[in-house]
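One-letter residues, chain by chain:
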Amino acid sequence: MSMAGHRRLSVAPMMDWTDPACRYLLRLISRHTQLYTEMVPAQALWHGHAARFLKGHPSEAPVAIQLGGSDPAQLAYGAELAEAWGYDEINLNVGCPSDRVQSGRFGACLMREPALVSELVAAMRAATRLPVTVKSRIGVDDHDSYDALCRFTQAMIDGGAHALVVHARKAWLQGLSPKQNRDVPPLRYDRVAALKGDFPGIPIILNGGIRDLDTAKSWLDTLDGTMIGREAYHNPWLLAEADHRIFGASPDSRPEREAVVHAYRDYVVDHWRSGVPITRFTRHLSGLFQGLPGARIWRRTLSERGAVRGAGPEVIDQALEARHAAIPSGAETSTA
């Protein structure tokens, strides 16, 4: 399947969440959903920290790396490294409104400088054979007219962007926290749909407020793809039907929950080292049984046993055993 095909559904880049272990888990659940890294500062790669930020597992693919920056040379170098490390797409962050990101002159504040963003895209295009995409908002502060969004889009096209991921909210650069910027500005899906009508030649992916496959699928007649954010982290099993419902795979492609747990445990055994908190791995499992009997004891066991000094991968086994013990006889077990 081409990258364009995988963009029909994707999981958003999320700082402190979509690390390699999280991506490995999500890939066990869905073979085709496109995944993203956490945002990687291009400056960090420029200064020689490639192994720290680019390590992953080959089975995560297809996975896009999201870069943050505003220096063409640094971003071009980051794109070269990402290709060498086996990533499938380069995505430029023009959507994060945090103060820390703004202080580095990247993220959502770049929407006020479309000519610069076009230059950044062109620099990355020249440095890699991979698709280069941009993730943005529909505007920032009072710079949020539809005409401004169209000018920004044209600049991305002029720079050579292969696709745009558009969060259907504007961002306030001052006065709102990053969390508030995900909830307070109203969603304007109409603007993203209109953008596709005015720019039919570039793939446009919708982000913002999408929490289930029904909603995601409903947009595929209008747009080229949809992106799910935090819901895919808190309730990762929603992706279990994605390969069938979004990508047309056989209904038999749906995995079994406990098989996913065991496969993820094998990954943890291979990657966990003594002295590293096991919770770095087990935290991604917390929502795996959401809505099913035994979900609470599953979460509690992962949390409590994982906090014990010296705890290791056996915590996953203990949580699974605790869940089994808590399920009433005759109730749904573990594979739904």
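Up top you'll find the structure we're talking about.
Cut-offs applied
- Position numbers for residues start from 1 in each chain and track the written sequence from start to end.
- Per-residue local features are limited, in this predicted model, to residues with pLDDT of at least 70; the limit for side-chain atom pairs, both in listing and counting, is 80 or more; totals at the level of whole chains, interfaces and linings are taken over all residues.
- In computing side-chain values, all of the structure's heavy atoms are included and hydrogens and water are not.
- Elements are defined by DSSP. Helices are runs of H or I of four residues or more, strands are runs of E of two residues or more, and each kind is numbered from the N terminus.
- Three exposure classes are used, based on accessible area relative to the maximum for each residue type with a 1.4 Å probe and protein chains only: buried under 20%, partly exposed in between, and exposed over 50%.
- In this analysis, two residues are considered to be in contact whenever any of their non-hydrogen atoms come within 4.5 Å of each other.
- Criterion used throughout: strands pair if DSSP finds at least two bridges between them.
- Angles run from 0 to 180 degrees between N-to-C directions of axes, and those axes are lines fitted to C-alpha atoms, restricted for helices to the stretch in contact.
- An angle below 35 degrees is treated as roughly parallel, one above 145 as roughly antiparallel, one from 65 to 115 as roughly perpendicular, and anything else as oblique.
- Should the near helix be turned anticlockwise from the far one by less than a right angle, the crossing is termed left-handed; should it be turned clockwise, right-handed.
- Here a crossover is taken to be right-handed if, once the strands point away from the viewer, the path from the first strand over the helix to the second is traced clockwise.
- We count a salt bridge whenever a side-chain nitrogen from Lys or Arg sits within 4 Å of a carboxyl oxygen from Asp or Glu.
- Each Phe, Tyr or Trp ring, with Trp reduced to its six-membered ring, pairs with another whose centre is within 6.5 Å; inter-plane angles below 30 degrees give stacked pairs, above 60 give edge-to-face pairs, and intermediate values give tilted ones.

Peer 1: Describe in detail the environment of Tyr264, supporting the description with residues and values.
Peer 2: Counting through the fold element by element, Tyr264 comes out in helix H14 (residues 257-271). A relative accessible area of 0% means that Tyr264 is categorised as buried. The spatial distance from the C-alpha of Tyr264 to the C-alpha of Cys22 is 9.8 Å, given a sequence separation of 242 residues. Each residue touching Tyr264, except ones within four places of it in the same chain, is listed here: Ala21, Tyr24, Leu25, Leu28, Phe281, His284, Leu285 and Ile316.

Peer 1: So what's going on with the sheet that holds strand E2 (residues 35-41)? Residues and values would help.
Peer 2: Hydrogen bonding along the main chain pairs the strands of a sheet, whether they run parallel or antiparallel. Read across the open sheet, the 8 strands follow the order E1-E8-E7-E6-E5-E4-E3-E2; overall the sheet is parallel. Either end of the sheet is taken by a strand with one partner, and the two such strands are strand E1 (9-11) and E2. Ignoring strand direction, the axes of neighbouring strands in this sheet form an average angle of 25°. Of the strand pairs in this sheet, strand E5 (residues 132-136) and strand E6 (residues 163-167) are connected by 4 bridges, and their pairing is parallel. Across the sheet, residue Thr133 finds its bridge partner in E6, namely Ala163.

Peer 1: For the packing of H14 against helix H17 (residues 314-326), give the residues involved together with the corresponding values.
Peer 2: Interaxial distance between H14 and H17 falls to 9 Å at its minimum, and their mutual angle equals 160°. As judged from the angle between their axes, H14 and H17 are roughly antiparallel. For the crossing formed where H14 meets H17, the hand is left-handed. Residues Glu258, Val261, His262, Tyr264, Arg265 and Val268 of H14 lie in contact with H17, whose contacting residues are Glu314, Ile316, Asp317, Leu320, Arg323 and His324.

Peer 1: Pulling in residues and values, what's your account of the pairing of E5?
Peer 2: Within E5, 5 of the 5 residues are buried, which leaves the element mostly enclosed by the surrounding structure. When strand E4 (residues 89-94) meets E5, the two strands line up parallel, connected through 5 bridges. The residue of E5 that forms the bridge with Ile90 is Val132. At this point the chain moves from E5, through helix H8 (residues 146-159), to the parallel E6, and the crossover so formed is right-handed.

Peer 1: Quick rundown of the pattern of salt bridges? Include the residues and the values.
Peer 2: For the structure on display, the rule yields 12 salt bridges. Here Asp141 and Arg112 are joined by a salt bridge, their closest N and O atoms 3.9 Å apart. Separated by 29 residues along the polypeptide, Asp141 in the loop between E5 and H8 and Arg112 in the loop between helix H6 (99-103) and helix H7 (114-127) bring together distant segments of the chain. Residue classification places Arg112 among the partly exposed positions, given a relative accessible area of 47%. Across the pair Asp317 and Arg265 runs a salt bridge whose closest N-O atoms are separated by 2.8 Å. Here Asp317, found in helix H17, pairs with Arg265, found in helix H14; they are 52 residues apart in sequence, far enough to count as distant. Taking relative accessible area as the criterion, Asp317 reaches 24% and is therefore assigned partly exposed.

Peer 1: Give a detailed account of the packing of aromatic side chains, specifying residues and quantitative values.
Peer 2: In this structure the tally under the stated criterion is 7 aromatic pairs. Arranged with centres 4.8 Å apart and planes meeting at 75°, the rings of Phe289 and Trp298 form a pair that is edge-to-face. You can call Trp298 buried: its relative accessible area is 0%. By way of ring pairs, the aromatic residues Tyr24, Tyr264, Tyr267 and Phe281 are connected into one cluster.

Peer 1: I'd like a description of the side chain of Arg7, backed by residues and values.
Peer 2: Considering the arrangement of structural elements, one finds Arg7 in the loop between helix H1 (3-6) and E1. Judged by relative accessible area, which is 7%, Arg7 ranks as buried. Filtering out sequence-adjacent residues up to four positions away, Arg7 remains in contact with Gln34, Glu89, Pro131, Thr133, His162, Ala163, Ile205, Asp224, Gly225 and Thr226.

Peer 1: Explain unusual backbone geometry to me, using residue names and the numbers behind them.
Peer 2: Backbone geometry follows two general trends: most residues other than glycine have a negative phi, and most peptide bonds adopt the trans configuration. The step from Ala61 to Pro62 runs through a cis peptide bond, and the omega angle for that step is 5°. Looking at the element boundaries, Pro62 is found in the loop between helix H4 (50-54) and strand E3 (63-68). With a phi angle near 70°, Asp16 is a residue other than glycine that sits in the positive phi range. Summarising the element assignment, Asp16 is placed in the loop between E1 and helix H2 (20-29). The class for Asp16 is exposed, based on a relative accessible area of 53%. Non-glycine residue Asp141 carries a positive phi angle of around 50°.

Peer 1: Can you lay out the environment of Leu195 for me, pointing to particular residues and giving the numbers?
Peer 2: Position of Leu195 among the secondary structure elements: in helix H10 (residues 189-198). Expressed as a C-alpha distance, the spacing of Leu195 and Gly107, which sit 88 residues apart in the sequence, is 21 Å. The contact partners of Leu195, leaving out residues within four places of it in the chain, are Tyr146, Leu149, Cys150, Thr153, Val166 and Ile204.

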